[in-house]
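Here is what each chain is made of, one letter per residue.
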Amino acid sequence: NAGVTQTPKFRILKIGQSMTLQCAQDMNHNYMYWYRQDPGMGLKLIYYSVGAGITDKGEVPNGYNVSRSTTEDFPLRLELAAPSQTSVYFCASSSRDRGVQPQHFGDGTRLSIL
Amino acid sequence: GENVGLHLPTLSVQEGDNSIINCAYSNSASDYFIWYKQESGKGPQFIIDIRSNMDKRQGQRVTVLLNKTVKHLSLQIAATQPGDSAVYFCAENSGQGAQKLVFGQGTRLTINP
C-alpha cells in the first residue's frame, strides 16, 4: 500500500516557467489537500478537494491551480513560477468515513525557483 | 483568523525521560486537534488526534491533553527514545467534512543520549 505518492521529489525552475506537481493516493480517500511549507514554518493550505470534480481554495491559493478529475489524482499547477513559490509542497488525503479522520501525507516535492 | 502557536521552538530531553510539547490555539470554535511528527526530508506523520468533546486521549507511549478553557494542547511522550527526535506540529480544524487544518510553527525535539 503506497499511500500518498508525490512526484517529482525535487525540481528547479526558472522564473516564469510552469510545471505540474503530481499527487496520487491509493487509499480511496475522498478528500485531498495541497500544502506548502516554508523553512522553519508549519504547513499552509493551498487548495483542497472533497471529491472528483470539486475543488476549493485554502489559505494561500494565489499563483496555483488544481484539478480533480479522478478520486486518485490531485495535481497542483504553477503557471508562472515566482521566487516566492520556492518551498516544499506536500499533498495529503483523508477519508470521510466515520467523521473527521487524520490526513495522510506524501513525502513532498522540494521546489526552487531561480 | 485562526492561529496555532507553540510555546517552545526547541526542546532537549534525556533518553528515557518523558517529553511534553505544548501548543496554544486561538480559535474557540475548533473541534478537532491533531499532532504530527516530521522527520528530516519526510512528510508529516500522524501521531494522535483528539476531538473537542474529550480532554485526554492515549496512544502507544503518547498522550494528548486538551484544555479548552485556556485553549491549550499538549503532547506527552513517555520514555523518549532516539527515534523520537523530530519536529512536532500541532494543528487545529474548525471545519466540517474536509479539514482546513491550521498548523503551528513546530517544536524540534532533540534526544540526548
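Structural notes, computed from the coordinates. (Residues numbered from 1 in each chain as written. Chains lettered and ligands numbered in written order. Predicted model: local features only at pLDDT ≥ 70, side-chain atom pairs only at ≥ 80, totals over all residues. Heavy atoms only, no water.)

1. Concerning the interface of chain B and chain A
With 20 residues of chain B at the contact, the number on the chain A side is 23 residues. When chain B packs against chain A, close to 1800 Å² is buried across both sides, 55% of that on carbon and sulfur atoms. Among the residues chain B hides against chain A, the three largest losses belong to B:Ala98, B:Gln99 and B:Phe103. Together they make up 27% of the total. Our enumeration of links across chain B and chain A arrives at zero salt bridges. Our count for the contact surface shared by chain B and chain A stands at eight residue pairs in polar contact (both at pLDDT 80 or more). Secondary structure elements with two or more residues in the side of chain B that touches chain A: β4 (32-38) and β5 (45-51) of chain B. Looking at which element gives the most residues to the side of chain B that touches chain A, the answer is β4(B), with four residues. (Contact = heavy atoms within 4.5 Å. Buried area = accessible area lost by both parts, 1.4 Å probe. Salt bridge = Lys/Arg side-chain N within 4 Å of Asp/Glu carboxyl O. Polar contact = N/O pair within 3.5 Å; in protein donor to acceptor, adjacent residues only side chain to side chain. Helix = DSSP H or I, 4+ residues; strand = E, 2+ residues; numbered from the N terminus.)

2. Observations regarding the pattern of salt bridges
Summed over all chains, the structure comprises four salt bridges over all chains. A:Glu79 is the partner of A:Arg77 in a salt bridge, and the nearest nitrogen-oxygen pair spans 3.3 Å. Note that B:Asp84 and B:Arg61 form a salt bridge whose closest N and O atoms lie 2.9 Å from each other. Of this pair, B:Asp84 sits in the loop between β8 (72-77) and β9 (86-93) while B:Arg61 sits in the loop between β6 (56-58) and β7 (62-67), and the two are 23 residues apart along the sequence. Relative accessible area serves as the criterion here: at 6%, B:Asp84 is assigned to the buried category. (Buried < 20%, exposed > 50% of the residue type's maximum accessible area, 1.4 Å probe, protein only.)

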